[in-house]
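Okay, here's what each chain looks like letter by letter:
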Amino acid sequence: MRPFLKHNRQKLVIAFLLLGPLVAFLTTGHKGRQPNWVDKCILTAAVPIQRGLEWAGAGLFHTVEEHWALKQAREEKNQCALELDEMKSKKYLFEEIQQENQRLRELLSYTRMAAGTEIVGRVIGINPSPHFLSFRMDRGEKDGVRVDMPVVAPAGIVGRVVRTIGHASDAMLVSDPRSHVAAVVQRSRVRATVVGSGGGKLLSVSNVLRADDVVEGDVLVTSGTDGIFPPGLMVGTIQNVERGSGMFLNAAVELSADIKRLEEVLLLQEAAVAYGFGKEVFR
């Protein structure tokens with residue numbers, strides 16, 4: 001307000017001097033005095049000034065009104081943006097909860113079909129070393145986890161427990177080169193050994209004779225003869241069968257469980273008890 005008065009002081013004085021006689025005339029004119037030529041000149045000159053002042057006042061009011069409206073619109077826009085971000089966060093959280101519920105429902109369906117007691121574990125860490133493919137779970141010795149317990153997912157086998165402490169344990173993946181799983185071809189009952197290849201979903205098949213009835217697409221399940229996994233668990237499907245000139249054929253196994261995307265797993269407690277596991281390995 002002060003800058004406005006400072007810059008327009010002269011104009012305001014002139015306007016006051018011109019409007020003064022007009023105000024005096026309007027307040028006393030009804031008493032009968034006729035305006036002289038000076039009054040008429042002043043009134044004539046004051047009309048455009050008055051109109052200008054009215055226009056300026058209306059413009060100022062309109063400008064202030066637009067300013068407050070723009071400020072309110074900006075605040076409403078910012079509020080809407082915050083609410084939109086909050087809704088997006090809730091949407092992503094809801095989708096994550098839905099996916100977790102779906103995985104847990106699959107685990108629940110598996111436990112209903114499986115015999116014995118299972119322990120549900122959540123994957124909380126992945127070993128980055130390429131020399132030992134393993135992951136850590138949030139269940140340990142105090143939760144009933146023992147060394148050599150089979151670790152599975154609804155889609156198939158995952159690995160076995162190799163180390164356990166209070167409320168955490170480590171499991172070696174079946175893709176580790178030191179992993180050997182006794183399996184059988186579900187169709188022809190040909191026995192085979194599935195050996196870890198060091199990463200990925202394709203594992204190696206060994207101990208299968210060249211003349212054995214094994215073809216691509218055959219399903220492999222655990223045979224139960226390795227003392228780790230109980231029989232009948234899904235391993236994967238036979239791929240890349242090659243019959244060379246040697247005694248054994250070459251083939252690979254595509255795991256049915258996606259071990260690179262594990263979040264929740266099952267530890268088969270009853271299987272460990274039945275096989276009498278409990279020795280500590282890979283310390």
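The structure under discussion appears in the preceding block.
Residues numbered from 1 in each chain as written. Predicted model: local features only at pLDDT ≥ 70, side-chain atom pairs only at ≥ 80, totals over all residues. Heavy atoms only, no water.

Draft legend 1. Structural context of the overall build of the chain. If you tally the helices and strands in the chain, you get 4 helices and 12 strands. Taking the contacts inside the chain whose residues are at least 6 apart along the sequence as the reference set, 59% of them involve residues at least 24 apart. Surface exposure of the chain reaches about 17900 Å², of which carbon and sulfur atoms provide 59%. (Helix = DSSP H or I, 4+ residues; strand = E, 2+ residues; numbered from the N terminus. Contact = heavy atoms within 4.5 Å. Areas by Shrake-Rupley, 256 points an atom, 1.4 Å probe, with all protein chains shown as cover.)

Draft legend 2. Region of the structure containing the nonpolar core. Judged by nonpolar contacts, the single largest core of 44 residues is most densely connected at Phe135, Val151, Val158, Leu220 and Leu262. Among the elements that take part in this core, strand 12 (residues 264-268) stands out by supplying 4 residues, more than any other. (Core = buried A, V, L, I, M, F, W, Y, C linked by side-chain atoms within 4.5 Å. Buried < 20%, exposed > 50% of the residue type's maximum accessible area, 1.4 Å probe, protein only.)

Draft legend 3. Fine view of unusual backbone geometry. Positive phi is not limited to glycine here, since Arg189 has a value of about 65 degrees. For Arg189, the location among the structural elements is in the loop between strand 6 (180-185) and strand 7 (191-195). Even without being glycine, Asn207 reaches a positive phi, approximately 65 degrees. When you line up the elements, Asn207 lands in the loop between strand 8 (202-206) and strand 9 (219-222).

Draft legend 4. The arrangement of the sheet that holds strand 10 (residues 234-242) in detail. Taken in spatial order, the 6 strands close into a barrel running 6-7-8-11-10-9, and their pairing is antiparallel. Direction aside, the axes of adjacent strands within the sheet are offset by 40 degrees on average. Sheet analysis places strand 8 next to strand 11 (residues 250-255), joined by 4 bridges and oriented antiparallel. Note that in strand 11 the partner of Leu202 across the bridge is Glu254. (Pairing = 2+ DSSP bridges. Axes fitted to C-alpha atoms, helices over the stretch in contact; angles between N-to-C directions.)

Draft legend 5. Main features of the side chain of Thr193. Looking at where Thr193 falls in the secondary structure, it is placed in strand 7. Looking at Thr193, its side chain comes within polar contact range of the side chain of Asn207, at 3.0 Å. Among all residues touching Thr193, those that are not within four sequence positions of it are His180, Val181, Ser204, Val205, Ser206 and Asn207. (Polar contact = N/O pair within 3.5 Å; in protein donor to acceptor, adjacent residues only side chain to side chain.)

Draft legend 6. Representation of the environment of Arg136 in the model. As for its placement among the helices and strands, Arg136 is situated in strand 2 (residues 134-137). A relative accessible area of 38% means that Arg136 is categorised as partly exposed. Sequence separation between Arg136 and Ile126 is 10 residues; the distance between their C-alpha atoms is 6.3 Å.

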